[in-house]
Amino acid sequence: MTRALLLLAGLCWLLFLSHTPVHAQLQTPYILNGAATQRTCNCYVLTEDQGTSSGTVWNKNKISLNNSFDYYFDVNLGCKDENGADGIGFILQTQGTNLGATGQGIGFQNIRPSLGVIIDTWQNMDDGDPYYDHVSIQINGDISHSSPNNLAGPVTALANNDNIEDCNWHIFHVKWNAATKELEVSMDDSLRLSIQKDLVAEVFGGDPMVFWGFGAATGGASNKQQFCAALRPQLEFNSNQLFCDGSAIVFADNSKSFGSITRWRWDFGDGTTASVPDPPPHQYARPGKYQVKLLIEDNSGCVSDTMKQDITIGSYPVPDFSYDSICTGRTVSITDKTTLDVGTLRQWVWDMGNGTIETTQTPVFSYDNTGTYTVKLQVTSSQGCGAEISKPVNVYPTPAVAAAGESVCIGEPVVFTGTDLTPAVPLSQWYWDMGNGQQQTVQNIDYIYPEGGEYEASLHTLSTKGCFSDTAYIPITISDIKLDLGHDTLIARGQPLQLHAATSGNNLQFSWTPDNGLTDPYAPNPTAILNNDQTYYLTVTSPQGCVDMDTIHIKVYAGPDFYVPTAFSPNHDGLNDIFRAISPGVATLDFFCVWNRWGQEVFRTQSLSTGWDGSYKGQQMPAGTYVWMIQGTDYRGKVFNRRGTVTIVR
């Protein structure tokens, strides 16, 4: 062959490889039809997520149903639930490797003779489909559930779940026992269907040699539907197993594979590896969290994904606890101080030495009798690692006290006394709380409350062994009448004046002296009618015998009238600085005004107690004569006024 021909032949070979489908380039024992494509060494896409599509994958080699088989597959029915369809089927048939059916036929319909384990994800009412994703065993290409060709099912494809279109891979297990003629179908290790039937005689007309494969189809609705000849590494134990420091762990292989497994690659997460199916028991050098990895390869040369499983080798807890003084009849204050390097604490069991068992981290219990008790604490971690500690504890007697005190009048001392009711229990301290934020630390005290009111004093003690007594409470009343007759006042001659005694407390007794001019000398608020100046003395007595006194001076003027001075000196010396009117008998003031010599108003008020300080808008007015006018209403309702002049003296 010439060099040119050799180059041309090589180019044609490269062009052929570039146009060869991926599944043809990979080693595979399967025939692919329709939409089916090879995704990886052992995984196939039966239909993409597109409508009116079908795909089948048939193993090239027939198997004999006179022999048992135990096949594991991984199946994925897609991610769309409500509008996902139609499903896939595991099919046994004798007709060849170029068969299939679209839509609700799921690649199985009209294939005769045949047996199909159908995973159906669309409800076709005319076939009697239930609303949930279901699995059934059918024969002879018949997909109707009301037909005699429906051998088992339909039941939910997943145990306790209506939906298998969940984006997840599920273990699909088909097992045939040739001796007992029993076919079992499981999903994720949960048995879903089983039948006992002579498939060779009753389905395939005495021919035991059948092709096996998968079919899938879509119609108006669709999903991406896939299967893998299972190659799933798996350990024999589950993640709930517990391990403690020093444990020898058996990592037995429980991998699922369609073909036989030829190679294993173990990585125990601590730098050690193994390449046998069942490595010898493995012991980790120290507690901690490790990730175990397993990789397997089957007889077709396909290599699995890496299985990863985290395990925790827990350390043993170091139990410890502390406590305050333990006293009879008192809740014990005990603190768990257990430490744990690896893992988490899960369980506490306390034996208090008196028959009491507690199972919380912070126990609540008490002792009735004094003595020495042995307290045991057993602690267990979430990894099942446990340890125990014991400590002797002493229980001491609790002291008891009584307290007394009496109510008094304001300013008098309250005599508080404390009594030790358990003299056999030595005391180290007395604690009084006076009920107003003040404390005392002696047995007996005399205390004067600065204010009247209701108080609750209390007393407790501390023994030399650190035991507190119960608290004794004493209610105390400090009587304070707080008598106040107000300011001295003035009235017009003959004007009724209502006196008012402001007090605190109830059931008080009142006595006014002298009693001249009073409507009732024993009332708290009598009325006085006077013709001359008078000073009244009031004595008030409480039911507790407390006494308070006050006086009020009443100046009497002829009137009603306004008494206005003729001059004042606003020089801030405290003498005659304010110009104001004395108004006996005047109930309300209409106005009190002052004008300068140019007629400008420099002061106005409607208050009987307000006077002029000789300024206007913050400026002191000059010495000289000013005009004033005042008008008001007397206590009888009569309006009257006065006018005149006043001189500012500087």
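Residues numbered from 1 in each chain as written. Predicted model: local features only at pLDDT ≥ 70, side-chain atom pairs only at ≥ 80, totals over all residues. Heavy atoms only, no water.

## A word on the overall build of the chain
Worth spelling out the cut-off: Helix numbering and strand numbering both begin at the N terminus, where a helix is a DSSP run of H or I of at least 4 residues and a strand a DSSP run of E of at least 2. Exposure categories follow from relative accessible area, calculated using a 1.4 Å probe and restricted to protein chains: below 20% of the type maximum is buried, above 50% is exposed, and the middle band is partly exposed. Residues count as neighbours in contact if any of their non-hydrogen atoms are within 4.5 Å of one another. Each accessible area is a Shrake-Rupley result for a 1.4 Å probe, and residues are judged covered by the shown protein chains and nothing else.
For the chain, the count of helices and strands is three helices and 52 strands. Each principal axis of the C-alpha distribution contributes one length, and for the chain these read about 150 × 85 × 65 Å. Counting across all 650 residues of the chain, residues that qualify as buried make up 44%. If you take every contact in the chain between residues at least 6 apart in sequence, the share linking residues at least 24 apart comes to 59%. Split by element, the accessible area of the chain, about 32400 Å² in all, is 48% carbon and sulfur.

## Looking at the state of the cysteines
Covalent bonding between the sulfur atoms of two cysteines defines a disulfide. Rule in force here: The rule for a disulfide is simple: a pair of cysteine sulfur atoms within 2.5 Å.
Here the structure, examined in full by the defined rule, presents six disulfides. Here C41 engages in a disulfide with C302; their sulfurs sit 1.9 Å apart. Torsion about the S-S bond of the C41 and C302 cystine: about -75 degrees, corresponding to left-handed handedness. Pair noted here: C41 is in the loop between strand 2 (37–38) and strand 3 (43–47) and C302 is in the loop between strand 23 (288–298) and strand 24 (307–314), with a separation of 261 residues, a long-range link.

## Things to note about the sheet that holds strand 46 (residues 567–568)
Heads up, the condition is: Whether two strands pair depends on DSSP finding at least two bridges between them.
In space, the five strands of this open sheet follow the order 46-52-51-47-48, with mixed pairing throughout. Edge positions in the sheet fall to strand 46 and strand 48 (601–605), since each of these pairs with one other strand and no more. Sheet topology note: the strand 47 (residues 586–595)/strand 51 (residues 624–634) ladder contains eight bridges and is antiparallel. Bridge pairing in strand 51 links V586 to D634.

## Re unusual backbone geometry
A85 connects to D86 through a cis peptide bond whose omega is 0 degrees. Relative to the assigned elements, D86 resides in the loop between strand 6 (69–76) and strand 7 (87–93). Cis geometry marks the peptide bond from G153 to P154; its omega dihedral reads 5 degrees.

## Details of the confidence of the model for the chain
The line we're drawing: Each residue carries a pLDDT score, the predictor's own confidence in it, on a scale running from 0 to 100.
The predicted model of the chain has a mean per-residue pLDDT of 91, with 94% of residues at 70 or higher. Considering each helix and strand of the chain separately, the mean pLDDT is smallest for helix 1 (residues 3–19), with a value of 31, and largest for strand 12 (residues 182–187), with 98. The model gives residues 1–26 a pLDDT under 50, and that stretch makes nine contacts with residues more than four places away or in other chains.

## Some points on the side chain of T461
When you line up the elements, T461 lands in strand 38 (residues 453–463). Overall, the relative accessible area of 0% leaves T461 in the buried class. Beyond its immediate stretch of four places on either side in the chain, T461 contacts P399, V401, L427, Q429, W430, Y431, C467, F468 and S469.

## Some points on the pattern of salt bridges
As a reminder, the rule being used: What makes a salt bridge here is a side-chain nitrogen of Lys or Arg within 4 Å of a carboxyl oxygen of Asp or Glu, nothing more.
All chains considered together, the criterion is met by ten salt bridges. One salt bridge in this structure joins K391 and D320, with 2.7 Å as the shortest N-O distance. Of this pair, K391 sits in strand 31 (residues 386–396) while D320 is found in the loop between strand 24 and strand 25 (321–323), placing the two residues 71 residues apart along the sequence. Classification of K391 by relative accessible area gives partly exposed; the value is 22%.

## Topic: the sheet that holds strand 28 (residues 345–351)
Strand order in the open sheet formed by five strands is 26-31-30-28-29, with mixed pairing between adjacent strands. Of all the strands in the sheet, the pair left with one neighbour each is strand 26 (326–327) and strand 29 (357–358). Sheet analysis places strand 28 next to strand 30 (residues 371–381), joined by six bridges and oriented antiparallel. Bridge pairing in strand 30 places D351 opposite K376.

## What to know about the pairing of strand 24
Across two bridges, the pairing between strand 17 (residues 243–244) and strand 24 is parallel. By the bridge assignment, C244 is partnered in strand 24 with G314. Note that strand 23 and strand 24 share seven bridges and pair antiparallel. Among the inter-strand pairings, L294 is bridged to a residue of strand 24, identified as M307.

## Some thoughts on the packing of aromatic side chains
We count it as follows: Each aromatic pair joins two rings of Phe, Tyr and Trp (for Trp, the six-membered one) with centres within 6.5 Å, and gets the label stacked for planes under 30 degrees apart, edge-to-face for over 60, and tilted for any other angle. The rule is short: NZ of Lys or CZ of Arg within 6 Å of the ring centre and within 35 degrees of the ring normal puts a charge over the ring.
Counting across every chain of the model gives 40 aromatic pairs. Ring geometry for F321 and W350: centres 5.3 Å apart, planes at 70 degrees, overall edge-to-face. With F321 in strand 25 and W350 in strand 28, this residue pair connects regions lying 29 residues apart in the sequence. The class of W350 is buried, set by a relative accessible area of 0%. Counting every residue linked through ring pairs, the aromatic cluster contains Y30, Y44, F69, Y71, F73, F90, F172, W212, F214, F227 and F258. Here K555 stacks its cationic end above the ring of Y557, 5.5 Å away from the centre of that ring. In this structure, R636 is placed above the aromatic ring of Y635, and the distance from its NZ or CZ to the ring centre is 5.5 Å.

## Quick notes on the environment of Y323
Applicable threshold: Pairs of N or O atoms are called polar contacts if they sit within 3.5 Å, as long as, within protein, a hydrogen donor faces a hydrogen acceptor (for residues adjacent in sequence, only side-chain-to-side-chain pairs).
Considering the arrangement of structural elements, one finds Y323 in strand 25. Overall, Y323 belongs to the partly exposed group, its relative accessible area being 32%. In the structure, Y323 is positioned 17 residues away from T306 in sequence and 51 Å away in space, judged by C-alpha atoms. Among residues more than four places away in sequence, those in contact with Y323 are S333, I334, P392 and V393. There is a polar contact of 3.3 Å between the side chain of Y323 and the backbone oxygen of P392.

## Here's the deal with the side chain of S615
On the secondary structure map, S615 appears in strand 49 (residues 615–616). Taking the relative accessible area as the measure of exposure, S615 reaches 15% and is therefore buried. Within the structure, S615 has its side chain in polar contact with the side chain of D613 (distance 2.6 Å). Discounting residues that sit within four places of it in the chain, S615 has contacts with V602, Q620 and M621.

## A word on the environment of D470
Structurally, D470 is set in the loop between strand 38 and strand 39 (472–479). Its relative accessible area of 53% is what places D470 among the exposed residues. With 217 residues separating them in the primary sequence, D470 and D253 have C-alpha atoms 66 Å apart. Residues within four places of D470 in sequence aside, it is in contact with R330, P399, V401, L459 and H460. At 2.8 Å, the side chain of D470 forms a polar contact with the side chain of R330.

## Structural notes on the environment of Y616
Of note, Y616 is situated in strand 49. Each C-alpha atom of the pair Y616 and E601 lies 9.0 Å from the other, and the pair is 15 residues apart in sequence. In contact with Y616, other than residues within four places in its own chain, are Q600, E601, V602 and M621.

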